[in-house]
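# Structural characterization, general
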Amino acid sequence: MHSFNFKTKKQSYPVKVRINEPSDSQNNNLNITLVLMTAIGVPLRKYRTFIDALTQKGFTVVSADYPCCGENRPHIKRGVDYGYRDLVVSFIPKLIDVAKQTTPDNQIILFGHSLGAHIASLYCATTDFAMVGVATGNIHYKNWKGFGKIKILATIVTFELLIRVYGYLPGYKVGFGHKEAKTLMKDWLHTAKTGRYDFMRKSLNTGLGRGLFINIVGDDFAPYKSTKRLSKLCADSQLNKVKIDPSLKGNPHSAWLKSPNEIIDEVYKNLDFFVD
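First, a word on what this report is: a plain description of the structure on this page.

Rules used in this analysis
Residues numbered from 1 in each chain as written. Predicted model: local features only at pLDDT ≥ 70, side-chain atom pairs only at ≥ 80, totals over all residues. Heavy atoms only, no water. Helix = DSSP H or I, 4+ residues; strand = E, 2+ residues; numbered from the N terminus. Rg over C-alpha atoms; globule rule 2.2 N^0.38 Å. Buried < 20%, exposed > 50% of the residue type's maximum accessible area, 1.4 Å probe, protein only. Contact = heavy atoms within 4.5 Å. Areas by Shrake-Rupley, 256 points an atom, 1.4 Å probe, with all protein chains shown as cover. Lys, Arg positive; Asp, Glu negative; His and termini not counted. Charge placed at Lys NZ, Arg CZ, Asp CG, Glu CD. Core = buried A, V, L, I, M, F, W, Y, C linked by side-chain atoms within 4.5 Å. Axes fitted to C-alpha atoms, helices over the stretch in contact; angles between N-to-C directions. Parallel < 35°, antiparallel > 145°, perpendicular 65-115°, else oblique. Left-handed = near helix turned anticlockwise from the far one by under 90°. Nonpolar A, V, L, I, M, F, W, Y, C, P; charged D, E, K, R; others polar. Polar contact = N/O pair within 3.5 Å; in protein donor to acceptor, adjacent residues only side chain to side chain. Expected span 1.5 Å × (residues − 1). Arc of directions from axis to C-beta. Pairing = 2+ DSSP bridges.

### Considerations on the overall build of the chain
Assigned secondary structure in the chain consists of eight helices and eight strands. Over its C-alpha atoms the chain spans a radius of gyration of 18 Å, differing by no more than 12% from the 19 Å that the globule rule assigns to 276 residues. Across its three principal directions, the C-alpha atoms of the chain cover 55 × 40 × 40 Å. Put simply, the chain has 276 residues, and 53% of those count as buried. At a minimum sequence separation of 6, the contacts of the chain that also span at least 24 residues come to 70%. Accessible area for the chain stands at about 12,700 Å²; split by element, carbon and sulfur atoms hold 49% of it. The positive charge centre, built from 38 side chains, and the negative charge centre, built from 23, are 11 Å apart in the chain.

### Quick notes on the nonpolar core
With 61 residues, the main nonpolar core has Phe91, Leu95, Leu110, Leu122 and Trp188 as its most contacted residues. The set of elements that each furnish at least two residues to this core consists of β1 (2-7), β2 (12-20), β3 (32-37), α2 (84-102), β5 (107-113), α3 (115-127), α4 (146-166) and α5 (182-194). For this core, the element with the highest residue contribution is α2, accounting for nine residues. Formed by 33 residues, the second largest nonpolar core is a distinct cluster that contains Tyr47, Ala53, Val61 and Leu212.

### Some thoughts on the packing of α4 against α5
Interaxial distance between α4 and α5 falls to 11 Å at its minimum, and their mutual angle equals 155°. The pairing of α4 with α5 is recorded here as roughly antiparallel in orientation. Relative to α5, the crossing made by α4 is left-handed. For the pair formed by α4 and α5, the contact residues are Thr155, Ile156, Phe159, Glu160 and Ile163 on the first element and Lys182, Met185, Trp188, Leu189, Ala192 and Lys193 on the second. Its residues placed into classes, the contact of α4 with α5 shows seven nonpolar, one polar and three charged.

### A word on the side chain of Asn106
Mapped onto the secondary structure, Asn106 falls in the loop between α2 and β5. A polar contact of 3.3 Å, which involves the side chain of Asn106, links it to the side chain of Asn31. Polar side-chain contacts of Asn106 include one of 3.0 Å to the side chain of Thr33.

### Side note on α4
If you check α4, its first and last C-alpha atoms are 31 Å apart, about what 21 residues at 1.5 Å a residue would give, namely 30 Å. Looking only at α4, the buried set comprises Gly148, Ile152, Ile156, Phe159, Leu162 and Ile163. Projected down its long axis, α4 shows its buried positions confined to an angular sector of 145°, all on one face. Across from the buried face of α4, at angles greater than 90 degrees, the exposed residues are Gly146, Phe147, Ile150, Val157 and Arg164. Where α4 is buried, its residues touch α5. Of the residues flanking the end of α4, it is Gly167, one or two places downstream, whose phi is positive at about 85°.

### Describing the sheet that holds strand β4 (residues 60-63)
The eight strands are arranged β1-β2-β4-β3-β5-β6-β7-β8 in an open sheet whose pairing can be described as mixed. Edge positions in the sheet fall to β1 and β8 (236-242), since each of these pairs with one other strand and no more. For this sheet, the mean inter-axis angle between neighbouring strands, taken without regard to orientation, is 25°. Both β3 and β4 contribute to a ladder of four bridges, which runs parallel. Directly across from Val35, in β4, lies its bridge partner Val62. On the sheet, helix α1 (residues 48-57) packs against β2, β3, β4 and β5 and is oriented at approximately 150° with respect to β4. Contacts from α2 reach β1, β2, β3, β4 and β5, with the element oriented near 160° to β1.

Below, the structure written as structure tokens:
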């Protein structure tokens, strides 16, 4: 297993990295490595079915739990902290370095789900990298309608209170991931209130980035309008809608992980988008 140290200005945390490749018995190696960015607070083990399906399709997958989440210690608590910008500057580049070292002949593409695609979009907009974003969007409350907008505003108030009390977000108490870092969630809240990414401290109107964005029909956590707005961070973007198996239980935002073939097929048939 590979690993690296994730560094912020004040702290350093170890991160374990997993590499999953197509088996030697398969003749469909695509020579494409997907660097997986998971949803907020969701442990990597929840993506096992998805990762296995990707390797069966011929992709190599480089993945890791976020710092201080899942198998990475220490876990998030008061004083264990990082933000969006830290992930863009110190987490993604290290994952990409591992991908380059282990699959030097492969094309490398970021693959983000939910918050993972927020982070990937910010990275791609500032480095001209390529990405896929699924079930994601700009979380500004104005990207929702009616009761959805009210729910986002109520979520903002709830999260701000919990962060003040605990020094981090105990997402497990409100059905939002597990434990999330204080600054990460303050950045999330800033975007939810303003639609902006001022915490990046640089212009995102760079003319850089290439992104394939997939909006899941019925996903009220990432409606089409929010996905469209996030996609505009990439100078070259494509936004597609996908319907998943209606028999899957739960919100489509994450339910697709149980049976990910529709999402994988959508990525596979659009691989030409990433060819110059």
